[in-house]
Amino acid sequence: MGTIKLQNIRTFSFHGCLMEEAKIGSDYRVDLEIKTDLRKSSLSDHLKDTVDYVLLNKIVVEEMAIRSNLLEHVAHRIIARIFGEIPEVSRIILAVSKLNPPIGGDVEAVTIEMEEYRN
């Protein structure tokens, strides 16, 4: 097995339970780690033999553009879509962070992290 990580994917999205969050939006950071078999691609040197991180980034950006009240909900959508579109992925660890959240304090980020295995 091997690991592919996409770190610090930055988006401007409109997630949150407050109406203001739906209107003004906020900065988000997504960190994605997937487990897959990298043996074939390490020998062949062909993109078709690995998981394309351009596709992984595209999935994250597209799902982050769809509004959710909860970070858990958008994270679940990202995970489900990766498993649905990329059968070679066996495990996903995903962290979604809202930067400078409106929680009445000096907090850099609020992060949820989910880990899922292919059934």
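Conventions and cut-offs
- Residues numbered from 1 in each chain as written.
- Predicted model: local features only at pLDDT ≥ 70, side-chain atom pairs only at ≥ 80, totals over all residues.
- Heavy atoms only, no water.
- UniProt positions renumbered as here; feature names shortened; annotations may be inferred.
- Axes fitted to C-alpha atoms, helices over the stretch in contact; angles between N-to-C directions.
- Helix = DSSP H or I, 4+ residues; strand = E, 2+ residues; numbered from the N terminus.
- Left-handed = near helix turned anticlockwise from the far one by under 90°.
- Contact = heavy atoms within 4.5 Å.
- Nonpolar A, V, L, I, M, F, W, Y, C, P; charged D, E, K, R; others polar.
- Pairing = 2+ DSSP bridges.

Under an unreviewed UniProt entry, the protein chain has the name 7,8-dihydroneopterin aldolase and belongs to Flavobacterium capsici. Within the UniProt record for the protein chain, the comment given under Pathway (unreviewed entry) is "Cofactor biosynthesis; tetrahydrofolate biosynthesis; 2-amino-4-hydroxy-6-hydroxymethyl-7,8-dihydropteridine diphosphate from 7,8-dihydroneopterin triphosphate: step 3/4."

Caption draft 1: Structural context of the packing of helix 3 (residues 53-64) against helix 4 (residues 71-85). The contact between helix 3 and helix 4 brings their axes to 9 Å, and the two run at 145°. Crossing of helix 3 against helix 4: the hand is right-handed. On the side of helix 3, the interface is formed by L55, L56, K58, I59, V60, E62, E63 and M64, while helix 4 contributes V74, R77, I78, R81, I82 and E85. Taken together, the residues of the contact of helix 3 with helix 4 break down into 8 nonpolar, no polar and 6 charged.

Caption draft 2: Up close: the sheet that holds strand 4 (residues 109-117). As summarised here, the arrangement of the 4 strands in space is 1-2-3-4, forming an open sheet in which the pairing is antiparallel. Two strands close off the open sheet at either side, each with one partner strand: strand 1 (2-13) and strand 4. When the angles between neighbouring strand axes are averaged without regard to direction, this sheet yields 15°. With 9 bridges joining them, strand 3 (residues 91-99) and strand 4 adopt antiparallel strand pairing. If you follow R91 over to strand 4, its bridge partner there is Y117. Relative to strand 1, helix 3 is tilted by about 35°, and along the sheet it contacts strand 1, strand 2 (26-36) and strand 3.

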